[in-house]
Amino acid sequence: PPTTLRRSRRQRQMCIRDRKYSEAETLLLSSLDICRKGGNIIFELWVLPVLCELYVNTAQYGKASEYIERGFKLLNPDQNWHGLPAPIYLAKAMLGTKQRNWEIATKFFGKAIQINRQYELLWDEAKTNYEWGRMYLARNQKGDMKTASEKFSLSIDIFTKIEAKKDVDKAMTEKDRL
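Presented here is a report on the structure given in the accompanying data block. (Residues numbered from 1 in each chain as written. Predicted model: local features only at pLDDT ≥ 70, side-chain atom pairs only at ≥ 80, totals over all residues. Heavy atoms only, no water.)

## A few points about the layout of surface pockets
- In this structure, the second largest pocket occupies an estimated 150 Å³ of space.
- Considering the residues around the second largest pocket, the lining is formed by Val56, Asn57, Met94, Thr97, Lys98, Phe109, Glu131, Arg134, Met135 and Ala138.
- Breaking the lining of the second largest pocket down by element, the ones donating at least two residues are α3 (41-57), α5 (86-98) and α7 (122-139).
- Of all the elements, α7 adds the most residues to the lining of the second largest pocket, at four residues.
- Grouping the constituent residues of the lining of the second largest pocket by class yields five nonpolar, two polar and three charged. (1 Å grid on protein atoms, 1.4 Å probe; cavity = no way out; pocket = protein on both sides within 12 Å on 5 of 7 lines; lining within 4 Å. Points joined across faces, edges and corners; volume = space filled by probe spheres on them. Helix = DSSP H or I, 4+ residues; strand = E, 2+ residues; numbered from the N terminus. Nonpolar A, V, L, I, M, F, W, Y, C, P; charged D, E, K, R; others polar.)

Here is the structure:
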């Protein structure tokens, strides 16, 4: 199963990037089924956040919420999960943004950033800052454009450091909208 999951991971990423959401959903659900049949919680926790993001991006908030809840149920609080919970926190924050629940979004972006920094997960930190910047764009209250710009700048700096060119371009495009 790990080889199957790795192979389908690249396919899922390409489908999401190319906005082939139906195909991505099929691959993600297939991966989730493999994880559950194999009883591997760690692999399931890798798939769930991506599935949540897909549902957030396609305005299927009920489904996103269902998988976020599943992710939190799997995270035994007595166990050190290292950086694994960060993507679930990010998905929860993204859902909060789409539902215009700024308090929830801000809280969970903060938790995701904290974990990403603690475990030096640079790409994840940059992605979280990028999505947090998008939250400020969506909220559009006094001072939010400045804060969004700062979040995009942080993400651009990190993406540049780790040579994630496509992500740099994506974050720069958002920043240029300000």
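Next, the rest of the story.
## Details of the packing of helix α6 (residues 102-118) against α7
- With their axes 9 Å apart at the nearest point, α6 and α7 run at an angle of 165° to one another. Viewed along their axes, α6 and α7 adopt a mutual orientation that is roughly antiparallel. For α6 against α7, the interelement crossing comes out left-handed. Packed against α6, whose contacting residues are Trp102, Ala105, Thr106, Phe109, Gly110, Ala112, Ile113, Asn116 and Arg117, the element α7 presents Asp124, Glu125, Thr128, Asn129, Glu131, Trp132, Met135, Ala138 and Arg139 at the interface. (Axes fitted to C-alpha atoms, helices over the stretch in contact; angles between N-to-C directions. Parallel < 35°, antiparallel > 145°, perpendicular 65-115°, else oblique. Left-handed = near helix turned anticlockwise from the far one by under 90°. Contact = heavy atoms within 4.5 Å.)

## Some details on helix α9 (residues 165-176)
- Under the 1.5 Å per step criterion, the end-to-end length of α9 is 16 Å for 12 residues, consistent within 8% with the ideal 16 Å.
- By the burial criterion, the buried members of α9 are Asp167, Val168, Ala171 and Glu174. Relative to the axis of α9, the buried residues are bounded by an arc of 125° and lie together on one face. Away from its buried face, by an angle of more than 90 degrees, α9 presents the exposed residues Lys165, Lys166, Thr173 and Asp176. (Expected span 1.5 Å × (residues − 1). Buried < 20%, exposed > 50% of the residue type's maximum accessible area, 1.4 Å probe, protein only. Arc of directions from axis to C-beta.)

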